[in-house]
Amino acid sequence: MKNRQIPKGLRDFLPNEVKNRRKLEQKAIEVFTAFGYKEVLTPTFEFLEVVETGAGKNREKLFLFMDREGGILSLRPEMTVSIARLAAMHLKDSSFPQRFFYSANVFRHVQPHLAQYREFWQIGIEMLGASGPWADAEVINLAVKILKAMGLDNFKISINQIGIFNSLLADCPVSPDEKDNIRNLVEIKDLVELSRCLDTLPVPDLLKETIARLPILHGGLEVLNRIPYVEKNKAANEAVEELLRVYEALQAFGVEEHIVVDMGVLRDLEMDYYTGIIFEGYSPELGYGLLGGGRYDNLLGQFGFPCPATGFALGMDRLALVLTNQEQEPPHYILGGKNLQVLAARADQLRHEGKIVELDVEAASREVLEEKIRDRDDLIMIYLDDE
Ligand SMILES: N[C@@H](Cc1c[nH]c[nH+]1)C(=O)O
């Protein structure tokens, strides 16, 4: 019966799920607000041309449709590009940095699996107009603070600087397709195929060895001493230096226990606008990432407004799945009786005391009401006989 189905990869939210989500959202908003971030909203769909500025090679993941004038539109697959467009349209005369946050549904035509829907919710921030390690570290610090505020303790943020990988790759005398393949193999950590692929290419041995090791290079700062080829490449060296500065700033923020330096994080499978520090947050018990982000200094320039920027987004559906709701609920009453005026006054009084009160709007008798809520052990019944 098709009229009772919804398209693949979409979902309804029942009251408990909505409540959990709103709670998480509320906590995130409190943290963002305390750091001076302000909420923005953008339209649910944009011109394809705008969306492709950020996710160029991922057209097959977009939900596309046409407007009546023949323009091609896309449901937003994420928020960063829309905010870059917003900044270029509205903020040219503002002072910077500007700090924004959002909570929005986004759409990607992915193969649905656990906690991966085609419409999903992201909460995120973008800091526009600030370069330098302190800005990157503030954003990563906020990622840590958010996960903590939501009740997670056992999580890590893997950080990298995309310039390290890009500079190594620039020294490989191979075709763009082969570069894409290498990038992909590093990202999915396929060590066997990566070595095999590198062996077939005319890449200098030291560089080959370095790239082959990237997926397993993770840990503390010592990781940065284990990338031998970096010495030979000035840009890679500078990128390593920058990563070091950000790590130091994260130490100053006091969050380094959650930080892992990870040369295998490229975020290339997600977005291709990153230019500097990139990071992903995950909980070791889970097989998937919770949040991701990084620096994208060239994106706003593509909308005619060159401006450095950095940010991250967190997947709410995934987070909701991780977190069991530890908070105590206020008592939940059902209030029955025949005199509406008396009931209404009592209901208001209880609500005023912080209780949740449902009024029995069907004015059932005590017996009927008792019978009706027999299976609802979350409810406390009060019946007011006429006084
Ligand atoms: N928009 C990115 C996350 C991000 C925000 N800012 C920078 N990166 C994503 O959806 O993965």
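Reading guide: rules and limits
Residues numbered from 1 in each chain as written. Predicted model: local features only at pLDDT ≥ 70, side-chain atom pairs only at ≥ 80, totals over all residues. Heavy atoms only, no water. Axes fitted to C-alpha atoms, helices over the stretch in contact; angles between N-to-C directions. Helix = DSSP H or I, 4+ residues; strand = E, 2+ residues; numbered from the N terminus. Parallel < 35°, antiparallel > 145°, perpendicular 65-115°, else oblique. Left-handed = near helix turned anticlockwise from the far one by under 90°. Contact = heavy atoms within 4.5 Å. Nonpolar A, V, L, I, M, F, W, Y, C, P; charged D, E, K, R; others polar. Near = heavy atom within 4 Å. Polar contact = N/O pair within 3.5 Å; in protein donor to acceptor, adjacent residues only side chain to side chain. Areas by Shrake-Rupley, 256 points an atom, 1.4 Å probe, with all protein chains shown as cover. UniProt positions renumbered as here; feature names shortened; annotations may be inferred. 1 Å grid on protein atoms, 1.4 Å probe; cavity = no way out; pocket = protein on both sides within 12 Å on 5 of 7 lines; lining within 4 Å. Buried < 20%, exposed > 50% of the residue type's maximum accessible area, 1.4 Å probe, protein only. Points joined across faces, edges and corners; volume = space filled by probe spheres on them. Pairing = 2+ DSSP bridges.

Look at helix α6 (residues 176-187) against helix α7 (residues 191-199): their axes get within 9 Å of each other, and the N-to-C directions meet at 155°. Taken as axis vectors, α6 and α7 run roughly antiparallel relative to one another. The element α6 and its partner α7 pack so that their crossing is left-handed. Counted together, N181, I182, L185 and V186 of α6 and E193, L194, C197 and L198 of α7 form the full contact between these two elements. For the contact of α6 with α7, the per-class residue count stands at 6 nonpolar, 1 polar and 1 charged.

Moving on: the site of the ligand. Around the ligand, the structure places 17 residues, and the nearest of them are E78, T80, E126, R267 and Y274. Contacts to the ligand include Y273, whose side-chain N or O atom sits 3.0 Å from a nitrogen atom. A distance of 2.7 Å is found between a nitrogen atom of the ligand and a side-chain nitrogen or oxygen belonging to Y274. Relative to its unbound accessible surface of 300 Å², the ligand loses 98% to contact with the protein. When contributions to the shell around the ligand are tallied by element, the ones reaching two or more residues are β6 (119-128), β11 (289-295) and β12 (309-315). Considered class by class, the residues forming the shell around the ligand number 7 nonpolar, 6 polar and 4 charged.

According to UniProt, the positions carrying the feature "binding site: L-histidine" (unreviewed entry) are E78, M79, T80, R108, Q122, E126, R267, Y273 and Y274. Looking only at the residues we just named, the second largest pocket is lined by Y273 and Y274. Position of E126 among the secondary structure elements: in strand β6. The exposure class of E126 is buried, given its relative accessible area of 1%.

Of the voids in this model, the second largest pocket is the one considered here, and its volume is about 250 Å³. Taken together, 16 residues form the lining of the second largest pocket, with N166, D272, Y273, Y274 and T275 sitting closest to its centre. Here the lining of the second largest pocket gets 3 residues from one element, more than from any other, and that element is helix α5 (residues 162-170). Per-class residue counts for the lining of the second largest pocket are 6 nonpolar, 6 polar and 4 charged.

A few words now on the sheet that holds strand β15 (residues 379-384). Spatially, β14-β13-β15 is the arrangement adopted by the 3 strands of the open sheet, whose pairing is parallel. A strand with exactly one partner marks an edge of an open sheet, and here the two such strands are β14 (356-359) and β15. Within this sheet the neighbouring strands show an average axis-to-axis angle of 25°, counted without direction. Of the pairings in the sheet, the one linking strand β13 (residues 332-337) to β14 comprises 4 bridges and is parallel in character.

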